Amino acid sequence: MIILKPSWISHNGMPIFSIDIHPDGTRLATGGQGRDSGLVMLWNTAAVLDENSENDENVPKMLCQVDSHLASVNCVRWSHSGKFLASGGDDKIIMVWTLSKYPNSGNIVFGTKNIVNIETWKCMFTLRSHSGDILDLAWSPHDSYLASCSVDNTIIIWDAKKFPSIHKVLSGHTGLVKGVSWDPIGKYISSQSDDKTLRIWRTSDWKTDTIVTTPFKDCGGNTSVLRHSWSPDGQYLVSAHAMNNNGPVAKVIERDGWTYEKDYVGHRKAVNCVRFSNSIMERKVGKKNHHMCLCAVGSRDTNVSVWQTGLKRPVVVLESLFQGPVLDLSWSTNGLNLYACSYDGTIAILIFDPKDIGKALSNQDKNIIFEKMYGISPLERHNNNLLIENPAILKMNGIQQSEVREVDPKKEIKQPSPNVIKPLPPILKKQIETRTSDGRRRITPIFIPPTPDNAEEINVLPFSSSSECKSQVVVERVNNIIEPNISNSCSNFSQESQTPTIIDSTIPRSTPTSVLQISPTRGESKKRPEPVALISNLFSTKKIKFNNLEDNDISSDVRPNFGQTAMQKRKFTISNICTDRVVVENDKCKTINGTISKMKVYSNNLVAWEKVFSSSVVKYCTNKTLSLIVVALNDCTIHVIGSKNGSLICPPYVLSSLVTSISSNNHYLLCMTQNSLSVWNIYKQECVLHEEKLNTLVCSNKNKPVNVQKCMLTENGTSIITLTTGKSYMFSISAKCWMMIGDSGDSIYSNSSQKNKHIGLNKTSGKYPLSVMQAYSSKYKSNLDFKDTEGISELCSKSFLEQQMSAALALESDKEYRYWLMTYVSFLIEREDNDRLRYLCQDLLGVSHGYSSHKKVETVIGMSKHELLREVLGIIAGSRSTQRLFTEFHDQLQQMS
């Protein structure tokens, strides 16, 4: 072992309160007291560890000195990535520093004559919230959070991704909080205070998990800091100042049960700081290799002791290393170098030999150890703050991952890395200078992109004695005289505007979109060919629009805008339905008794059959299940025709008024007239719904103009209507009334964070009726200016999801019910609503006791509740906060199976 004490690392004789080594080992940060302010200094470790570099004048020793803190700096901590350096002190603020990518090296430190900064560090964020001195800082694994503790008795968790945003304030200590440390797994964060307690907080809900008090009852508040530390495997937490038999010790707290039966002893005064190395060492003891962790302990007695887990005696004890209390410790990444600082203003470096302490394990070997202990590797711990307690969860998660890979192994979602900076555009280094006809100079400006100050990778930048740089912009002079740019582009634009392109002048702009397009008049048909409207997929895509209703005429009928179009001559073609092509020619010929309309059905470009009607065809629909074509005529009749041979399946249905909308699905047929709605089972020739009046829907929307935006029929014969007010209704045959299944203009819908969850569903398939209707109603969303101060948005989201489940259940849409059920479960897990989750799981489980002959597995929309419960448990297993709920119902379900 080698001990180094470089005298040139100092704060001008003032105390050094904190020390930390950069993860790559190239920089050493110290924080402490300056002459009139707090001081943060960065040192080049090459000059510290290598004697030749130390004596080389071309190798800088000090890299940077910043004195932005108004009072003493009590703590400096590098982030795990090495990108940021956080410093906190008596001025109650935290500064987060980063190396400038384009530094102004060679600048002299303000107030000095010969101190030059080799590197330029910029304060990226200033964090203000503490009301007292800040004593300790700690970065979470993977730098997601930064924790700070203060004499104001609180710990603040800062969101490192959204600086200076505060994620949580931990309150509970009744004394000065002098130390904070993160569990390397990310499940816990610990804090030690002058209130003679060490608290362990859960990061899942930021609540207290355990309070350790017994080892600290006899401790006095005579330490400036209480910096404790977790072992790199997360199995041990070693506290600072504790007492055992009236002697100062560092208490070893085991993760399993939070027991504290072991101590690190030998110091004569209180322990100020404890620091574990981040490396797990492999050391041969006897004939076997053992995995051990290195722990350094610093005390007020100016001594430093180094321990290894599994050994009863310390590796080394250094007495009288300093002339003042040891305040902070830091280990290099390889676990061989220990840095310590003291109140006397000096530092010491202990360089160990691998023969004495062992060799550090690789990251791959550490991952294997973590997976054996916790079922999770360090690379995944930042996504899952809680550890797996039930082996069934590990098994289920493994099954889920394999299933996901089998679904589509080729499709991989590539998420952009948040740390990737786009390359800057090349800087144009040529400046063009021209002259106008009157002799004036004109210089074309060049774009100089801004230079970002946050560098992703920090390297030791080369330094030079010359700080001046010459401009690289080249001026190019053009002798040609530039004329004013007044071309005839305006006239060209006006000519194009005078001759706009007309797509179809026969269709007025105000005419609503309907299934049938209006043909040109006879006079216009002589000038140009008659247009043919190709209509495909009528049932799923076309709109049926109705006139507005007057507010004072509630009893009036819903009158469609088809009076004019039904009397005109039209020709249209329907393709890709049940046959190749169907051509309808209304008013084909005139007779004494009236006009005759003709229908031709083509198969393989040949006429398969023809049929005539005594009235104009106003509506069409097809039924692929029964191979039928349903035709609605202008004489208020409906003809059901076989698509293969054109035979009439049954006598025409006679309605009381003109058909405005018609659709068919599975065995059912829906017809909407001017004032009613009817549904038949055309396979059984039975009436399901007979002329149900639409006045109810008019009355419920009497304060708004009402138009029917969409009308459809589900596979089980349920009729659904969506109005332009954003409301969707279904008619329940069993309840004999209309039910509202959605309202996009409702305030609950508008303020729900889950309203866009149906985007992943198919909005064109009839198997997703709820999604299809909401795709139309979502066009009428209301944008409300709402400030959520009482959690109303969360309640709105919960109410919306419950409404979606009930609507899917009423529509007997099994796929949509399963989808919204799983979305609801995910929402409850995210909100940690375990009570409602337990109620939901209990409902799906059913009766779990009694005689087996009396037990009956219930179903919902033909789906087994137990199968749904298995899917729900699969989602619950993905969250560590609900694993006990998973264990409860997983065991019951296994017994019932």
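Owing to the predicted nature of the structure, the values given are computational and were not obtained by experimental measurement.

Topic: the overall build of the protein
Okay, so step 1: Counting secondary structure elements, the protein contains 16 helices and 53 strands.
Okay, so step 2: For the protein, the residues scored as buried account for 48% of the 897 residues in total.
Okay, so step 3: Intrachain contacts of the protein at a sequence separation of at least 6 include 54% that bridge at least 24 residues.

Things to note about the sheet that holds strand β46 (residues 676-681)
Okay, so step 1: A sheet is described by the order of its strands in space; here 4 strands give the open sequence β44-β45-β46-β47, paired in antiparallel fashion. Of all the strands in the sheet, the pair left with one neighbour each is β44 (661-665) and β47 (686-693). In this sheet, neighbouring strand axes are inclined to one another by 10° on average, regardless of whether the strands run parallel or antiparallel.
Okay, so step 2: Bridge count for β46 against β47 is 5 bridges, and the pairing is antiparallel. Directly across from N681, in β47, lies its bridge partner E686.

Topic: the nonpolar core
Okay, so step 1: In terms of nonpolar packing, the biggest core is built from 40 residues, with Y817, L821, L868, V872 and I876 touching the most fellow members.
Okay, so step 2: Among the elements of the structure, α11 (769-777), α12 (792-810), α13 (814-831), α14 (834-845), α15 (865-876) and α16 (883-896) are those that each provide at least two residues to this core.
Okay, so step 3: Examining the composition of this core, we find that 9 residues originate from one element, α13, more than from any other.
Okay, so step 4: Counting residues in hydrophobic clusters, the runner-up holds 20 residues, among them A296, W331, L338 and A340.

A few points about the packing of α13 against α14
Packed helix pairs are characterised by how far apart their axes lie and by the angle those axes make with each other.
Okay, so step 1: Remark: α13 packs on α14, axes separated minimally by 9 Å, with the N-to-C direction vectors making an angle of 150°. Viewed along their axes, α13 and α14 adopt a mutual orientation that is roughly antiparallel. The way α13 lies across α14 gives a crossing that is left-handed. In this structure, α13 uses L821, Y824, V825, L828 and I829 to contact α14, whose residues at the interface are R836, L837 and L840.
Okay, so step 2: Along the lines of polarity and charge, the residues of the contact of α13 with α14 split into 7 nonpolar, no polar and 1 charged.

A few points about the packing of α12 against α13
Okay, so step 1: Where α12 contacts α13, the two axes come as close as 8 Å, and the packing angle between them is 160°. Relative to α13, the element α12 is oriented roughly antiparallel. In the crossing of α12 with α13, the sense of the turn from one axis to the other is left-handed. Between α12 and α13, the residues in contact are E794, S797, K798, F800, L801, E802, Q804, M805, A808 and L809 and E816, Y817, W820, L821, T823, Y824, F827, L828 and R831, respectively.
Okay, so step 2: Across the contact of α12 with α13, the residue classes tally to 11 nonpolar, 3 polar and 5 charged.

Some details on the sheet that holds strand β30 (residues 347-351)
Okay, so step 1: An order of β1-β30-β29-β28 is seen for the 4 strands of this open sheet, with the pairing classed as antiparallel. The open sheet has two edge strands with one neighbour each: β1 (2-4) and β28 (326-331). When strand polarity is set aside, the average angle formed by the axes of neighbouring strands in this sheet is 20°.
Okay, so step 2: Of the pairings in the sheet, the one linking β28 to strand β29 (residues 337-342) comprises 5 bridges and is antiparallel in character. When the bridges of β29 are listed, L329 appears paired with A340.

Digging into the pairing of strand β14 (residues 154-159)
Okay, so step 1: Where burial is concerned, most of β14 is hidden: 6 out of the 6 residues are buried.
Okay, so step 2: Side-chain alternation along β14 places T154, I156 and W158 on one buried face and I155, I157 and D159 on a second face that is also buried.
Okay, so step 3: Across 5 bridges, the pairing between strand β13 (residues 145-150) and β14 is antiparallel. Residue pairing across strands places L146 opposite W158, the latter belonging to β14.

Thoughts on the environment of N337
Okay, so step 1: With respect to the element layout, N337 can be found in strand β29.
Okay, so step 2: The class for N337 is buried, based on a relative accessible area of 11%.

Observations concerning the side chain of E585
Okay, so step 1: If you trace the backbone, E585 turns up in strand β37 (residues 581-591).
Okay, so step 2: Of note is the side chain of E585, whose polar atom sits 3.4 Å from the side chain of K588.

Observations regarding the pattern of salt bridges
Okay, so step 1: Using the criterion set out here, one finds 24 salt bridges in the structure.
Okay, so step 2: With a closest N to O distance of 2.7 Å, K178 and D194 form a salt bridge. In this pair, K178 sits in strand β16 (residues 177-182) while D194 sits in the loop between β17 (188-193) and β18 (197-202), placing the two residues 16 residues apart along the sequence.
Okay, so step 3: Residue K178 is classed as buried on the basis of its relative accessible area of 5%.
Okay, so step 4: Among the ionic pairs, R831 bridges to E830, the shortest N-O distance being 3.2 Å.
Okay, so step 5: Note on E830: relative accessible area 57%, which makes it exposed.
Okay, so step 6: Connected through salt bridges with shared partners, the residues R77, D136, R227 and D328 form a single ionic network.

Structural notes on the state of the cysteines
Okay, so step 1: Evaluation of the coordinates by the stated rule reveals 0 disulfides.
Okay, so step 2: Free of any disulfide, C273 has its nearest cysteine sulfur in C341, 7.3 Å distant.

Details of the packing of aromatic side chains
Okay, so step 1: If you walk through the whole model with that rule in mind, you get 19 aromatic pairs.
Okay, so step 2: Put simply, the rings of F84, F125, W139 and F163 touch in pairs and so form one group of aromatic residues.
Okay, so step 3: In this structure, K61 packs its charged tip against the face of W8, placed 5.9 Å from the ring centre.

Quick look at α13
Because each turn of an α-helix spans 3.6 residues, side chains separated by three or four positions end up pointing in the same direction.
Okay, so step 1: Over its 18 residues, α13 runs 26 Å from end to end, which matches the ideal 26 Å to within 8%, given 1.5 Å per residue.
Okay, so step 2: E816, Y817, W820, L821, M822, T823, Y824, V825, F827, L828 and I829 are the residues of α13 that are buried.

Re unusual backbone geometry
Okay, so step 1: Cis geometry marks the peptide bond from F163 to P164, where omega comes out at 0°.
Okay, so step 2: Relative to the elements of secondary structure, P164 occurs in the loop between β14 and β15 (166-171).
Okay, so step 3: Unlike most non-glycine residues, Q685 shows phi in positive territory, near 55°.
Okay, so step 4: If you trace the backbone, Q685 turns up in the loop between β46 and β47.

Quick look at the side chain of T673
Okay, so step 1: Residue placement: T673 occurs in the loop between β45 (668-672) and β46.
Okay, so step 2: On the accessibility criterion, T673 (4% relative accessible area) is buried.
Okay, so step 3: In this structure the side chain of T673 is engaged in a polar contact, spanning 3.3 Å, whose partner is the side chain of S657.

Notes on α14
Okay, so step 1: Between its terminal C-alpha atoms α14 stretches 16 Å, which fits the 16 Å expected from 12 residues at 1.5 Å a residue.
Okay, so step 2: Of all the residues in α14, the buried ones are L837, L840, C841, L844 and L845. On an axial view of α14, the arc spanned by its buried residues comes to 135°, and they lie on one face. Pointing more than 90 degrees away from the buried face of α14 are the exposed residues D835 and Y839.
Okay, so step 3: As for α14, its buried residues are in contact with α13, α15 and α16.
Okay, so step 4: Remark: G846 follows α14 within two positions and exhibits a positive phi of approximately 80°.

Topic: the environment of A807
Okay, so step 1: Mapped onto the elements of the fold, A807 is located in helix α12.
Okay, so step 2: On the basis of relative accessible area, A807 is assigned to the buried category, the value being 4%.
Okay, so step 3: Once the C-alpha coordinates of A807 and M739 are considered, the two residues, 68 residues apart in sequence, prove to be 8.9 Å apart.
Okay, so step 4: Other than its neighbours up to four places away in sequence, A807 contacts I741 and L770.

A short note on the pairing of strand β26 (residues 304-308)
Okay, so step 1: For β26, the tally of buried residues reaches 5 of 5 residues, placing the bulk of the element in the interior.
Okay, so step 2: Side-chain alternation along β26 places V304, V306 and Q308 on one buried face and S305 and W307 on a second face that is also buried.
Okay, so step 3: Two elements, strand β25 (residues 288-299) and β26, share 5 bridges in a ladder whose sense is antiparallel. Its bridge partner lying in β26, G298 is registered against V304.
Okay, so step 4: Turn length for the β25-β26 hairpin, with the two strands adjacent in sequence and antiparallel, is 4 residues, and the turn residue T302 shows positive phi of about 70°.
Okay, so step 5: As defined by bridge partners, β26 adjoins strand β27 (residues 316-318) across 3 bridges and the pair is classed as antiparallel. Opposite V304, over in β27, you have L318 as the bridge partner.

Analysis parameters
Residues numbered from 1 in each chain as written. Predicted model: local features only at pLDDT ≥ 70, side-chain atom pairs only at ≥ 80, totals over all residues. Heavy atoms only, no water. Helix = DSSP H or I, 4+ residues; strand = E, 2+ residues; numbered from the N terminus. Buried < 20%, exposed > 50% of the residue type's maximum accessible area, 1.4 Å probe, protein only. Contact = heavy atoms within 4.5 Å. Pairing = 2+ DSSP bridges. Axes fitted to C-alpha atoms, helices over the stretch in contact; angles between N-to-C directions. Core = buried A, V, L, I, M, F, W, Y, C linked by side-chain atoms within 4.5 Å. Parallel < 35°, antiparallel > 145°, perpendicular 65-115°, else oblique. Left-handed = near helix turned anticlockwise from the far one by under 90°. Nonpolar A, V, L, I, M, F, W, Y, C, P; charged D, E, K, R; others polar. Polar contact = N/O pair within 3.5 Å; in protein donor to acceptor, adjacent residues only side chain to side chain. Salt bridge = Lys/Arg side-chain N within 4 Å of Asp/Glu carboxyl O. Disulfide = S-S within 2.5 Å. Phe/Tyr/Trp six-rings, centres within 6.5 Å; stacked < 30°, edge-to-face > 60°. Lys NZ or Arg CZ within 6 Å of the ring centre and 35° of its normal. Expected span 1.5 Å × (residues − 1). Arc of directions from axis to C-beta.

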